[in-house]
Amino acid sequence: MLHLLAQAEPFRSPTVDFHAFAPEIVLSVSIVVVLLVDLVFDERGKWATSSIAGIGLLAALVPVLTLAVDGADRSLFDGAYVVDNFALVMKALFLLSGYVTILISARYIAEGDYYEGEYYFMLLCSLLGMLVMGSARDLISIFVALELLSIPAYLLAGWRKRDLRGNEASLKYYLLGVFAAAVMLYGMSLIFGVTGSTILTEIGAALDGGEAPAPIVVVGILFIVIGFAFKVSAVPFHTWAPDTYEGAPTPITAYLSVASKAAGFVALLQLVFIGFLGRSDVWGPLFWVLAAITMTVGNLIALRQTNIVRMLAYSSVAQAGFMLAPFAVAGDIDVDRGGPLAAIPPVVTYLLIYAAMNLGAFAVVMVVARKTRSGELSSYGGLFEYAPGLAVLMTVFIFALAGIPPLGGWLAKFVVFRALLDAGTPAAIVLAVIAAVNSVISLFYYASVAREMWMRPVPDGDRAPIRIPASLGSALALAAAFTLLFGVSNVATRFGDLAIFGFLP
Amino acid sequence: MDSFDDYALTAAVFLPLAGAIAMLLVPRDAEGTHKLLALATSVATLGVGGYLLANFDYDRAGDMQFGIDKPWIEVINSRYIVGIDGISLPLLILSMAIVVLVILYSWTHFPEPHNPKAFLILILILEAGMNGTFVAQDLILFFVFFEVVLLPMYFMIGVWGGENRQYAAIKFFLFTLFGSALMILSFLALFFLVQEANGGEGTFAIPDLIRLASDNITRDTQLLIFGGMFMGFAIKVPMFPFHTWLPDAHTQAPTQGSVILAAILLKLGTYGFIRIAIPILPDAAVEWAPWIGGLAVIGIIYGALGCLAQSDMKRLIAFSSVAHMGYVMLGIATLTDFGLNAAVFGMVAHGLITGMLFFVAGSVKERFHTLELARLGGLLKQAPRMGWILGFCAMASLGLPGLAGFWGEFPAILAAYNPAEGLSEELFRGYMVVAAIGTVFAAGYLLWMLQRAAFGEPKAEWDAVRISDMHWNEYAAWVPLLVFIVVLGVYPNLIFGLTDDAVRTAVSALGR
Amino acid sequence: MVDTIVFVLAALVILSGALGVILARNPVHSALMLIMTLFGVAVVFVAQEAHFLAAVQVIVYAGAIVVLFLFVIMLLGVDQADSIETEPIGGQRPAAGVVALASVGLLVLLAVRAVQVSSGARSTSSALDGEGTNLEKLARVLFTDYLFAFEATSALLVIAVVGAVVLARKPAAEDVQDRKGVGALGRTRSGSGR
């Protein structure tokens, strides 16, 4: 044994840039603190875990800011882990939407008698996975990040474990998620086999061939994209979403539909625009089909929903279709207009705006449910009469989702249309028309919420006002402020433009 | 104070919003405070309008004035460009004035379910959107303001409207939104197609597009882009056959909503044609003009026939709107400076007169709780002053010379006699004849309405009901409108003097 | 030549094992057949000079995971045979057949066309380059290039432990079902749209 050790080259530990890892380290420390506090404190002290989790997230934002001020792109582990502007923008998005999730969770979890400490532990772990995802630039890191963010999410989806629908939510999400991961992993192994590397930039260099792609490459890319299509709930891989959204605790539903979806898009952006950049002939048509049917099917089914959570679930499916659209045409964008990479800012901008408005909508759903104990659309009848402030906020979020200026959503849709017309090919224009028709269709069901709130009578005549807890109130205020700010200023597009990759093949 | 020039238009747009935000902070029960706040805001906004009127350089009415140009959304090179010329100014002032009058009228006339706070806030948001549309000189800015008016109007109809309010509200919303979706695609197409000519960067600035668009875009593409804009604006006008939302919206909307809808919102569409579609794509406009003219005269006749079939006073006025906007569109379709002058005048006149008619209809409804013409009658006996005012408005609306309506209709018909170069004279003269026949119809249906509502003996069912005549705030809201109908009728140069230069600038591209 | 013989033998073992897993009526037999398959794969790994992988295959898969399977099967009771005649979702079997055929077609296509792969990158079908044993090189890569992913995996293990506790833990008081909480926002399942 000893002589074996003597034989080996002396081990040099890799140099690690701790500043680059600081957000993850801060978050990991708060994860440990949450776990310990949960262990030490008894039932009456458990509430502290939510505060610690919230503070931990905000604290993790500090190194993100210092890294942003520093400005240099950092590449670690031979390019497997990269801190560039894209990573920082996405990390900020994850941390902020995680913070809002904690704000809307606090009362729900405390009052619902669920395990508190473990809940925040899981939430933070999932967010850690997202932070890693923002920086992961090789297949293995992406896979580990995906598992790190998904496994806690499977558990969180079933947190109401004495409720059958909660169990169904968790189980469906888990089984389909694992299946998707397996498909994706198979694709990754094929790509690794062909290119001989797991680093995305090297894969990008190896796949950048002029001639027709080998079938094995096609299958590899197809499988990987399908794996993430599950994650972002694109049709026809969306079937888990409505049941999971309905059965999961509402804060987790909000979290899944915003942060988890964003993480899926982040991975897709990295894989497609770094790893498979030269093979847009493979993924372009694939994304075209995904985008077109995702927005159409999502909208058409959303029309028929009478439960607001399910409606928001399908609406988020449809919104994912809009986010997929720029992928579809990326390969057709002229080089002098930025080339395929010009498709990234619209997606990032959309993600930012979508996060604000969707979290806001879910926060309102939670506040209203505190009174009505229901998620039925009809329970929103006459909301304007007894809770005008809430009704106005919900109106803002709903019409922002519908894309009515000057509320945030229009700019998101606008940048997507712009990318589509920028490409200018017939296929892109057809997709733009499909998207335009879809945004009109979506208005039907968004407006039905407004109609319920403003124009229908109160269903049971109970006009007692709704008390809004401070944490939910601040979440609402944050979401509303960002929704309006994004609509009338260039903040979102500015960040979308900032989010560029530091290292490309 | 020179520096205020730079902020005057911004103030005109955002003062109402500031007022709305202030009102948000006042509790709902303080109704008096809300009314005062809303009135003060709208009067202050009108004050800004007065300042604009006083400082507008009337010798340069064809140029953009009070302009500012600030970066806004840089990545899409959309800028905050505002400015007014002789076309925008009268419409901007009209919008400011109508809002003040509507708020005055509202003082004691809040429709069910009451709630003055929300109602007045919506009116102020509407005003911000309308004023913004009239001053925006950037397509994206224009689009945003164009859409801002949708939501308040949706809620105004849907919450405070009549029995079928929800249907009417969503119909209004969907029709307009569908047009907007195509319109924004057209705007984007313009953005990209001038990119090369503009030094590699696309632009949404209207002056730049006027300079670049027609020379750098192929003819077929221009036609398509014009088509997209046509859908957006024509639905808003509304032109036949996209008008079906209008009677529903008008019938169901509360009085204040109807007045604003008729007086201002419909003008956003025609204004869009004059400000954006025609100057930017003059060649496509020439191609489209015969079709627009055709739809316009169909609208005139269809609107008139529609009026004759109505039994509800408000619905009748709504159909008369379709007919009147037909004249405006006919004026626009001639593509001559004469026709466009007539169109702008027609827009203002229609705003004043139809606004007034809806006011009267609202007050009648409030007293009788019905607008069924079959149940009305003898208004002149029950409430003589209101009856006379209704008669006066009907006269103005049918285009009696000496009142404002005449100067909107007559020149538009006249302009069709001699349309712009490139348009078929025979065709437009045919349109002219049809439009002239339309004026006879107009006299027919308006006098018929007047006869059924105001003349004769009151029906027996009202014997026991005490019908009050005018209230102080009805006077306050109506007298300014009536005065202007007369003043503009006697001295139309007040508007023509303003618009003439600006219109010449707008059509100057056509002759190139 | 030797390689080919080894591969053919191993492939036979793998495939017959796999078939056995599906076809065996007794779940214990299925599990044992699975072990056979996994052993076959391990042999293939050895043929590829992936000794470490082969060892992991045997120890982790055959040793630990299948034993776990057997544990569960035994705990649940071997005699509980499910009827596989009934079809839970209509049309599932024909659909499965189509998908299976398509998959086979895809595999054949891949196998036929795979020779044309020309990416210019090095092949990964042999052992890692350089001095030293496989194990040592793996360890070195794991603690340098993939250190971060390795560390992140440790977080996964903690999550697994906590998650297992949460799932298995009995509530302190029974029937505290959503005592004060908002509870489900869903409606009854009947009639919910898909």
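Keep in mind that what you see is a predicted model, and the values were worked out from it rather than measured.

### Considering the overall build of chain C
Across its full length, chain C carries 6 helices and 0 strands. Scanning chain C from its N terminus toward the C terminus, one meets helices and strands in the order α-α-α-α-α-α. In chain C, which comprises 194 residues, the proportion classed as buried is 14%. A fraction of 50% describes how many contacts in chain C between residues 6 or more apart in sequence connect residues 24 or more apart.

### Here's the deal with the overall build of chain B
Across its full length, chain B holds 20 helices and 2 strands. A globule of 512 residues ought to have a C-alpha radius of gyration of about 24 Å, and chain B, at 22 Å, matches this closely. Principal-axis analysis of the C-alpha atoms gives chain B an extent of 75 × 60 × 40 Å. Within chain B, the proportion of its 512 residues that are buried is 62%.

### Here's the deal with the interface of chain B and chain A
Contacts between the two partners involve 28 residues from chain B and, on the opposite side, 22 residues from chain A. Counting only elements with at least two residues in the side of chain B that touches chain A, the list comes to β1 (65-73), α5 (139-148), α6 (150-160) and α7 (165-193) of chain B. The biggest single contributor to the side of chain B that touches chain A is α7(B), with 13 residues. Classifying every residue of the side of chain B that touches chain A by side-chain character gives 23 nonpolar, 2 polar and 3 charged.

### What to know about the packing of helix α5 (residues 116-135) of chain A against helix α11 (residues 250-275) of chain A
Residue and element names in this part refer to chain A. Following both chains from N to C, one finds α5 and α11 inclined at 20 degrees, their axes separated by 9 Å at the closest point. One way to sum up the angle between α5 and α11 is to call them roughly parallel. For α5 against α11, the interelement crossing comes out left-handed. Contact residues: M130, M133 and G134 in α5; A259, A263, V266 and A267 in α11. Residue composition of the contact of α5 with α11, by class: 6 nonpolar, 1 polar and no charged.

### Section: the domain arrangement of chain C
Under the domain assignment used here, chain C contains domain 1 (1-79) and domain 2 (135-172). Each of domain 1 of chain C and domain 2 of chain C has a C-alpha centre, and the two are 25 Å apart.

### Points about the pairing of strand β2 (residues 78-84) of chain B
Residues and elements named next belong to chain B. With respect to burial, β2 is a largely interior element, 5 of its 7 residues being buried. Examined bridge by bridge, β1 and β2 share 6 bridges and lie antiparallel to one another. Within the sheet, the bridge partner assigned to I68 lies in β2 and is V82. Taken together, β1 and the strand that follows it, β2, pair antiparallel across an intervening segment of 4 residues, in which N77 is found at a positive phi of about 50 degrees.

### Remarks on unusual backbone geometry
Residues and elements named next belong to chain B. Between V237 and P238 the backbone carries a cis peptide bond, its omega angle lying at -10 degrees. Considering the arrangement of structural elements, one finds P238 in the loop between α9 (219-236) and α10 (245-252). With an omega dihedral of 0 degrees, the bond running from F240 to P241 counts as a cis peptide bond. Not every positive phi belongs to a glycine, and N115 is a case in point at roughly 50 degrees.

### Points about the environment of C:H51
Residues and elements named next belong to chain C. Among the structural elements, H51 can be located in helix α3 (residues 51-76). A tally of 15 C-beta atoms within 10 Å means that H51 is categorised as partly exposed. In the structure, H51 is positioned 82 residues away from T133 in sequence and 9.3 Å away in space, judged by C-alpha atoms. Contacts of H51, omitting those with residues within four sequence positions, involve V46 and N134.

### With respect to the packing of helix α12 (residues 282-308) of chain B against helix α18 (residues 425-454) of chain B
Residues and elements named next belong to chain B. At their nearest, the axes of α12 and α18 sit 9 Å apart, and the two run at 20 degrees to each other. With respect to each other, α12 and α18 are oriented roughly parallel. Pair α12 / α18 crosses with left-handed handedness. When α12 is examined against α18, the residues P290, G293, V297, I300, I301, A304, C307 and L308 are found in contact with a partner set consisting of L427, F428, Y431, V434, A435, G438, F441, A442 and Y445. Classifying every residue of the contact of α12 with α18 by side-chain character gives 15 nonpolar, 2 polar and no charged.

### Looking at the nonpolar core
Judged by nonpolar contacts, the single largest core of 445 residues is most densely connected at A:L124, A:M133, A:L351, A:A363, A:V364, A:L431 and B:A277. Take this core: its biggest share by element is 21 residues, from helix α14 (residues 344-372) of chain A. Discounting chain neighbours no more than four positions away, the residues touching A:L431 are A:W288, A:A291, A:A292, A:A325, A:A328, A:V329 and A:L420. Counting residues in each nonpolar core, the second largest holds 8 residues, with C:A31, C:M33, C:L34 and C:A42 among its members.

### Considering the arrangement of the chains
Summarising the chain contacts, 2 pairs of chains touch, and the pair with the most contacts is chains A and C. When C-alpha atoms are compared, chain B and chain C, though not in contact, are closest at a spacing of 24 Å.

### Focus: the confidence of the model for chain C
Residue and element names in this part refer to chain C. Averaged over all residues, the pLDDT of chain C is 75; the fraction at 70 or higher stands at 72%. At the level of individual helices and strands, chain C shows its lowest average pLDDT in helix α5 (residues 134-143), which scores 79, and its highest in helix α1 (residues 2-23), which scores 90. Note on residues 186-194: pLDDT is under 50 here. Beyond four places in sequence and across chains, it has 14 contacts. Scored as a complex, the prediction yields pTM 0.85 and ipTM 0.81.

### With respect to helix α9 (residues 215-231) of chain A
Residues and elements named next belong to chain A. The first and last C-alpha atoms of α9 sit 25 Å apart over 17 residues, in line with the 24 Å expected at 1.5 Å per residue. In terms of residue burial, α9 counts as a mostly covered element, since 13 of its 17 residues are buried. Where α9 terminates, the next one or two residues include S233, which has phi positive at roughly 50 degrees.

### A short note on the environment of C:A10
Residue and element names in this part refer to chain C. For A10, the location among the structural elements is in helix α1. Remark: the alpha-carbon pair of A10 and L53, spanning 43 residues in sequence, is separated by 16 Å. Those residues in contact with A10 that lie beyond four places of it in its chain are G40, V43 and V44.

### Digging into the environment of A:I140
Residue and element names in this part refer to chain A. For I140, the position within the fold is in helix α6 (residues 139-157). According to the C-beta neighbour criterion, I140 is buried, with 20 such atoms within 10 Å. Once the C-alpha coordinates of I140 and Y115 are considered, the two residues, 25 residues apart in sequence, prove to be 32 Å apart.

Thresholds, definitions, all that
Residues numbered from 1 in each chain as written. Chains lettered and ligands numbered in written order. Predicted model: local features only at pLDDT ≥ 70, side-chain atom pairs only at ≥ 80, totals over all residues. Helix = DSSP H or I, 4+ residues; strand = E, 2+ residues; numbered from the N terminus. Buried ≥ 20, exposed ≤ 12 C-beta atoms within 10 Å, placed from the backbone. Contact = placed C-beta atoms within 7 Å. Rg over C-alpha atoms; globule rule 2.2 N^0.38 Å. Nonpolar A, V, L, I, M, F, W, Y, C, P; charged D, E, K, R; others polar. Axes fitted to C-alpha atoms, helices over the stretch in contact; angles between N-to-C directions. Parallel < 35°, antiparallel > 145°, perpendicular 65-115°, else oblique. Left-handed = near helix turned anticlockwise from the far one by under 90°. Domains from an automatic or database assignment. Pairing = 2+ DSSP bridges. Core = buried A, V, L, I, M, F, W, Y, C linked by C-beta atoms within 7 Å. pLDDT = per-residue confidence, 0-100. Expected span 1.5 Å × (residues − 1).

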